[in-house]
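# Close look at the chain arrangement
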Amino acid sequence: SCGLLNRQERWLRDVLEASPAAMIVADPAGRVVAFNARARELFGYTATEFPAVAIDALVPARVRVAEARRRAAWLAAGAAPTEPRDVHAVRKDGS
């Protein structure tokens, strides 16, 4: 039902926002669809700017192609890996 979906979406957003780690969620097309306050602080985007950012804009140019291939493989497999890994990223100011 629509009410259940709305409650689940609110719960997921609350969990995301409560995380002390920067968290960004992108859709299969690579568009940012969810993010938390720590991600906004770390990357320097406002809440209104972040949804317009493509996930590739957060990936350093030197590893952008490899990361795009990795995401494509995850999509083809139907799931992202569950093990944590360090990810290099680029802030809004380019640093």
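Structure report, in brief. (Residues numbered from 1 in each chain as written. Predicted model: local features only at pLDDT ≥ 70, side-chain atom pairs only at ≥ 80, totals over all residues. Heavy atoms only, no water.)

Taken as a whole and judged by the stated rule, the model has 3 aromatic pairs. Here Phe 35 and Phe 50 contribute two aromatic rings whose centre-to-centre distance is 4.8 Å and whose plane-to-plane angle is 20°, an arrangement assigned as stacked. Residue Phe 35 is located in strand S2 (residues 32-35), and its partner Phe 50 is located in the loop between helix H2 (37-43) and helix H3 (64-77); the two are separated by 15 residues in the primary sequence. Accessibility classification places Phe 35 together with Phe 50 in one group, the buried group. Ring centres 6.3 Å apart and planes at 70° place the aromatic pair Phe 43 and Phe 50 in the edge-to-face group. With a relative accessible area of 9%, Phe 43 lands in the buried category. Each residue in the set Phe 35, Phe 43, Tyr 45 and Phe 50 is aromatic and connected to the rest through ring pairs, giving one cluster. (Phe/Tyr/Trp six-rings, centres within 6.5 Å; stacked < 30°, edge-to-face > 60°. Helix = DSSP H or I, 4+ residues; strand = E, 2+ residues; numbered from the N terminus. Buried < 20%, exposed > 50% of the residue type's maximum accessible area, 1.4 Å probe, protein only.)

Right, let's get into the environment of Val 65. Within the fold, Val 65 resides in helix H3. Exposure remark for Val 65: the relative accessible area of 52% places this residue in the exposed category. For the pair Val 65 and Ala 47, spaced 18 residues apart in the sequence, the C-alpha separation amounts to 27 Å.

Let us now look at the nonpolar core. Of all hydrophobic cores here, the largest spans 9 residues; its members are Val 32, Phe 35, Ala 39, Phe 43, Tyr 45, Phe 50, Val 53, Ile 55 and Leu 58. Of all the secondary-structure elements, those providing two or more residues to this core are S2 and H2. Contacts of Val 53, omitting those with residues within four sequence positions, involve Arg 31, Val 32, Tyr 45 and Leu 58. (Core = buried A, V, L, I, M, F, W, Y, C linked by side-chain atoms within 4.5 Å. Contact = heavy atoms within 4.5 Å.)

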